[in-house]
Every structure is written in C-alpha cells, then in structure tokens.
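# Structure assessment
The primary structure of each chain is shown beneath.
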Amino acid sequence: PVTVRHLMTHSAGFEDAFAGRLFRAEMRNAPSFAEEQSTAPPARVRPPGEAAIYSNYGSNLAGLIVQTVGGQEFQARAETRIFGPLGMQRTSFREPYDATPNQPAPLSEALREDLSKGFSWRGARAVERPFEFVTPNAPAGGASTSAEDMTRYMRMFLNKGELDGQRII
C-alpha cells in the first residue's frame, strides 16, 4: 500500500504522466480538484518506497488527503494552517480567474496586482504569455509567493517547524 509518507517523499511508485495535463489556458469547464485526480490516474510502475522520483500526482493526492481529512478546500487549508500562522501574507494557491463553479474562490485583487508576467522568447525578444492555470492540480505547483514569504517558510524549517512562536510542524 501507498502511505502518506510515500506521497510526501515522492516514493509512491507512480509514473509521472502529467505531460499536457498540469496547466490549462482557462478555468471555464475545468474539472474540480477531486475530479481531476480521479481522471486517468497514473500507473504504479515500482513498489512504494523503492525510489524517490518526483510525482505531480503524488503531490496532488497528498493535497486531496489534506482536503478530505481537514474538511476544507486545499487552498483554504493552506491559508489557515500554514500561510496565516507564518505571516505569509503574499502567498496563495489561488489563481486569477473569475469566480467559477466547482472551483475554489479566485485570488484576491490585492494579490493579483503582485503577480509577475510570464514571458517566452520569440526570436531575439521576450514576448508576454497568458497566465497558465494549475488550480485543478494546485498542490503540484500552484503556489504563488514572494521572496519575503518564502524566506519565512524556510526559516520555519530551519527552526524545526516553528516561527515566531507558531508551530507548523
């Protein structure tokens, strides 16, 4: 059996079959987080615990467990249990879309103003790209943060799970 420890250490043994599935151009008609995880789950290609190989699906499955056990959507759970207590006011798993059925509340207007733009090279110049949404796979890479907030997060780890009197781990 796959354990939460296997999911958190990327050793559950799943193939990483997320090419073309992780990001989407729009949120309209996007599956919910739970629906996305039940759609074509990847095969387990090695026994759990045998090797540590990054797994987007494993990260998402761990997030789905957090959501189910915590009784709160993943984004809200991260806000109330991690970002809020650590004073990470510029960090979110929410994204800049209009309110959408079956999806978490979108990113606040205040945080939308801080999002960086994405660019790609076209010839010898950088061209702005549209935002790519990852909400249905948020735990696998949907966080937006600031350098200051990430510093607070890392300080918590360096202080054995606590920062400014707030124990997270």
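See above for the structure.
### With respect to the overall build of the protein chain
If you tally the helices and strands in the protein chain, you get six helices and four strands. Going residue by residue from the N terminus, the α and β elements of the protein chain occur as α-α-α-α-α-β-β-α-β-β. Compactness check: the protein chain gives a C-alpha radius of gyration of 17 Å against a globular reference of 15 Å for 169 residues, within 12% of the reference. Judged by the C-alpha coordinates and their principal axes, the protein chain covers about 45 × 40 × 35 Å. Per-residue burial over the protein chain gives 35% buried out of 169 residues. A sequence separation of at least 24 residues applies to 63% of the contacts in the protein chain between residues at least 6 apart. For the protein chain, the exposed surface amounts to about 10,200 Å²; the carbon and sulfur share of it is 54%.

### Some details on unusual backbone geometry
At asparagine 102, a residue that is not glycine, the phi angle is positive and equals roughly 65°. Turning to its location among the elements, asparagine 102 is positioned in the loop between helix 4 (74–83) and helix 5 (109–112). Taking the relative accessible area as the measure of exposure, asparagine 102 reaches 60% and is therefore exposed. The phi dihedral of lysine 160 falls on the positive side, at around 60°, and the residue is not glycine. Counting through the fold element by element, lysine 160 comes out in the loop between helix 6 (147–158) and strand 3 (162–163). Judged by its relative accessible area of 72%, lysine 160 is exposed.

### Examining the pattern of salt bridges
A complete count under the given rule lists ten salt bridges for this structure. Close ionic contact of glutamate 36 with arginine 21 constitutes a salt bridge, the shortest N to O distance being 3.2 Å. Taken together, the residues glutamate 36 in helix 2 (residues 33–38) and arginine 21 in the loop between helix 1 (4–8) and helix 2 connect sequence positions 15 residues apart. Residue aspartate 114 is joined to arginine 90 by a salt bridge in which the shortest nitrogen-to-oxygen separation is 1.9 Å. Taken together, the residues aspartate 114 in the loop between helix 5 and strand 1 (118–122) and arginine 90 in the loop between helix 4 and helix 5 connect sequence positions 24 residues apart. Exposure remark for arginine 90: the relative accessible area of 34% places this residue in the partly exposed category. If you follow the salt bridges from partner to partner, you end up with Arg21, Arg24 and Glu36 in one network.

### Looking at the environment of arginine 155
In this fold, arginine 155 is placed in helix 6. Residue arginine 155 is classed as partly exposed on the basis of its relative accessible area, which comes to 40%. What arginine 155 contacts, discounting residues up to four positions off in sequence, is Glu162, Leu163 and Asp164.

Basis of the calculations
Residues numbered from 1 in each chain as written. Predicted model: local features only at pLDDT ≥ 70, side-chain atom pairs only at ≥ 80, totals over all residues. Heavy atoms only, no water. Helix = DSSP H or I, 4+ residues; strand = E, 2+ residues; numbered from the N terminus. Rg over C-alpha atoms; globule rule 2.2 N^0.38 Å. Buried < 20%, exposed > 50% of the residue type's maximum accessible area, 1.4 Å probe, protein only. Contact = heavy atoms within 4.5 Å. Areas by Shrake-Rupley, 256 points an atom, 1.4 Å probe, with all protein chains shown as cover. Salt bridge = Lys/Arg side-chain N within 4 Å of Asp/Glu carboxyl O.

Honestly, that's just the spatial picture; any functional story needs more than this.
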